[in-house]
Amino acid sequence: MSRENEVEIPEVKKASGSGIPIRGNDIDTDQIIPARFMKVVTFDGLGEFSFFDLRFDEDDNEKEHPMNEDRFQDANVMITNANFGCGSSREHAPQALMRWGIDAFIGESFAEIFAGNCLALGMPTVTADQETVEELQDFADANPDAEIDIDVAGQTVTYDGKTVDVTVDEGQRKALVDGIWDTTALMKSNQQSISEAAESLPYV
Amino acid sequence: MSEATLYDKVWDRHKVTTLPNGQDQLFVGLHLIHEVTSPQAFGMLQERDLDVARPDLTLATVDHIVPTADQSRPYNDDAAEEMMSELEENVRDAGIEFLSPETGEQGIVHVIGPEQGLTQPGKTIVCGDSHTSTHGAFGALAFGIGTSQIRDVLATQTIAMEKQKVRKIQVDGQLGEGVEAKDIILEIIRRLGTEGGVGYVYEYAGEAIEDLGMEGRMSICNMSIEGGARAGYVNPDATTYEWLEQTDYFQDQSETFGELKPYWDSIRSDEDAEYDDVVHIDADELEPVVTWGTTPGQGVGITDPIPAPEELSPEKQDTARRAQEHMRVEPGDTMEGYDIDVAFLGSCTNARLPDLRRAAKIVEGRQVPDDVRAFVVPGSQRVQKTAEAAGLRDIFEDAGFDWRNAGCSMCLGMNEDQLEGDEACASSSNRNFIGRQGSKDGRTVLMNPQMVAAAAVNGEVTDVRKLEEVVSV
Ligand code: SF4
């Protein structure tokens, strides 16, 4: 997996693909991936359990949900409202959505740990005001095959022939654009300073 | 003189360097791991052929999936057994201390760190669990992290983070009868919102916080994350030192206690520290708070009416409407009298000894009705043992409660303890999200442990202050 490759961290300057609207504020990680699906020792195969309880009833019959609709099956950009990904810190949540096919998020706001977990996977979480987001959601709803282009470096989203401004957190933008979002590799190289920091602490 | 907060000082002491991505690299003083979020990180480490950098600063336990009734191995649930075996293998290979159930020291990760004396002021503590904020009660900087960050910490004993702002939450006055630390934090989240703390670390201060024991402070710091704050802390004081001094860790090495104390004193926020924001709460005005909805911010005083969605700020209205439909509550009503099917006393928020003691006082001499399932899940084996020795088990069992072994249990329903169908649960835990307790139609009402006890014996949400004294026969 190139994602895991220590020497080569891909730069994520852009993300694009068709959109899928997931509407509602405060969508928590328990909804994104219910805890019972976390009884696993790898992340493989989590994708199909994304939003499981909103997508299926007790008897595993499909309920109405964008992720069940044929037209959204190839979507790469998830368009969400406020405080998406709140609650538990489980990385299983972005892992599940990534494995379902999502590469990037556009939303009104994201819970901090969720955004951090996404960054660790190289997935942008870009934000825009409510109106812009709702227009994008409506657009994706009406045009499930249309491309939505996120320019992470330039902080814009282009769709339907127009370009709108979005915000990418400064640290996230730099990490993605410069290909330095894999912090293990980055930090491991500071061995000497790590030892010094440890030695200076009275309790270590 | 300096004008720094504890957050500033501890951050600076642990800063290794500033990374090219703009984040600071911080040294981690204690890394706690458990079975749910660590196996993937160990897997990533193996893929890269990396070793665990500081097994001596890492401690493992098992909590989320352990059965609380029959703990014989292999566990009945294959998935749980697999996770347990994987953890056992990982800690053995890496040489990490593992407080397994056989040690008598196992428990919820946020209960055992403080019990073991390893949660200390001025430490950086991380764990792949959002309620790591609990450890801030000791004046530690404690953060929940994701699995990729666990990999970072395993491989380097450091973490990449951005510095945040500090909001001081000044809680003045004194708590009344039946009102607890839990009610302070539920009130804070109700007022500031579940997103209010994003970008902030919370410093809890003021008379009402200082008056609390360590357990109450832990309940508050625990739920910082429900208010959107990644971490919360209380400055260390005599109460903190008293706790630390009686732990086995410092009993065995009392010189270390003396050596570390100046450091602990030094990291307290300065009198003239500057804060990015200050919020005042008056403890005298608080009553027991219960949730009416499906986020921890949807709370209300027990005698106050449930708000109509229209009264809330526009972005909260939609969520409120859906929550009220799910919970089947009506605006204008109070939560008093809301029928419950289950009472759960447990979780890293409220399953420590004083929590169980206060609850036991309420249930003593009373009976849980037949149609209510009530159970106590102590936060750790130590809490369990001490409570049993103090006679609490008998009190609970006589009242009709189930007395279980330590673990997370119905806080998140990853073991066999789950809500069924649309059962309503009076819960001392921290999250009332839909589906959280194992059933997507389940209804969770968060409240303090005394209130859970009162709800259990009455079969409905009850203002504990109104329970009449039990006259023993
Ligand atoms: S008790 Fe609940 S909140 Fe605490 S660690 Fe366990 S699952 Fe998480």
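Residues numbered from 1 in each chain as written. Chains lettered and ligands numbered in written order. Predicted model: local features only at pLDDT ≥ 70, side-chain atom pairs only at ≥ 80, totals over all residues. Heavy atoms only, no water.

Topic: helix α3 (residues 78–94) of chain B
All names here are of chain B.
Argument step 1. Its 17 residues give α3 an end-to-end C-alpha distance of 24 Å, which sits within 8% of 24 Å, the value for a rise of 1.5 Å per residue.
Argument step 2. Every buried residue belonging to α3 is among A80, E81, M83, M84, L87, N90, V91 and A94, and all of these are buried.
Argument step 3. Summarising the contacts, the buried residues of α3 are in contact with β3 (30–33), α2 (39–47), β4 (58–61) and β5 (97–99).
Argument step 4. Two to three positions downstream of the cap, the backbone nitrogen of A79 sits 3.0 Å from a side-chain oxygen, assigning the N-cap of α3 to D77.
Argument step 5. Two residues or fewer after α3 comes G95, characterised by a positive phi angle close to 75°. (Helix = DSSP H or I, 4+ residues; strand = E, 2+ residues; numbered from the N terminus. Expected span 1.5 Å × (residues − 1). Buried < 20%, exposed > 50% of the residue type's maximum accessible area, 1.4 Å probe, protein only. Contact = heavy atoms within 4.5 Å. Polar contact = N/O pair within 3.5 Å; in protein donor to acceptor, adjacent residues only side chain to side chain.)

Structural notes on the pattern of salt bridges
Argument step 1. All told, the structure shown has 43 salt bridges over all chains when counted by the stated rule.
Argument step 2. Note that A:E11 is salt-bridged to A:K13, the shortest N-O span being 3.0 Å.
Argument step 3. Ionic pairing is found between B:R48 and A:D182, a salt bridge with its closest N-O pair at 2.5 Å. Remark: A:D182 occurs in the loop between α6 (170–177) and α7 (183–188) and B:R48 occurs in the loop between α2 and β4; the pair is interchain, linking two chains.
Argument step 4. Looking at B:R48, the relative accessible area reads 9%, which means it is buried.
Argument step 5. Bridged by salt links that share partners, the residues A:R23, A:E69, A:R71, A:D138 and A:D141 form one connected network. (Salt bridge = Lys/Arg side-chain N within 4 Å of Asp/Glu carboxyl O.)

Things to note about the site of the ligand
Argument step 1. Taken together, B:H64, B:I108, B:H110, B:D129, B:H131, B:S347, B:C348, B:C408, B:C411, B:L412, B:N430 and B:R436 make up the full set of residues adjacent to the ligand.
Argument step 2. When residues of the shell around the ligand are sorted by domain, at least three fall in each of domain 1 (6–163) and domain 3 (289–466) of chain B. (Near = heavy atom within 4 Å. Domains from an automatic or database assignment.)

A closer look at the interface of chain A and chain B
Argument step 1. Counting residues at the interface gives 56 residues for chain A, matched by 70 residues for chain B.
Argument step 2. For the chain A and chain B pair, buried surface summed over both sides reaches about 5,200 Å², with 56% attributable to carbon and sulfur atoms.
Argument step 3. Its largest share of buried area at the contact with chain B, chain A owes to A:K39, A:V41 and A:Y203, together 15% of the area lost on that side.
Argument step 4. Remark: the boundary between chain A and chain B carries six salt bridges.
Argument step 5. B:D77 serves as the salt-bridge partner of A:K39, at 2.3 Å between the closest nitrogen and oxygen.
Argument step 6. Inspection of the region where chain A meets chain B yields 24 residue pairs in polar contact (both at pLDDT 80 or more).
Argument step 7. Contributions of two or more residues to the side of chain A that touches chain B are made by α3 (92–100), α4 (112–120), α6, α7 and α8 (191–199) of chain A.
Argument step 8. Taken together, the residues of the side of chain A that touches chain B break down into 22 nonpolar, 17 polar and 17 charged. (Buried area = accessible area lost by both parts, 1.4 Å probe. Nonpolar A, V, L, I, M, F, W, Y, C, P; charged D, E, K, R; others polar.)

By themselves, these observations are geometric and do not establish any function.
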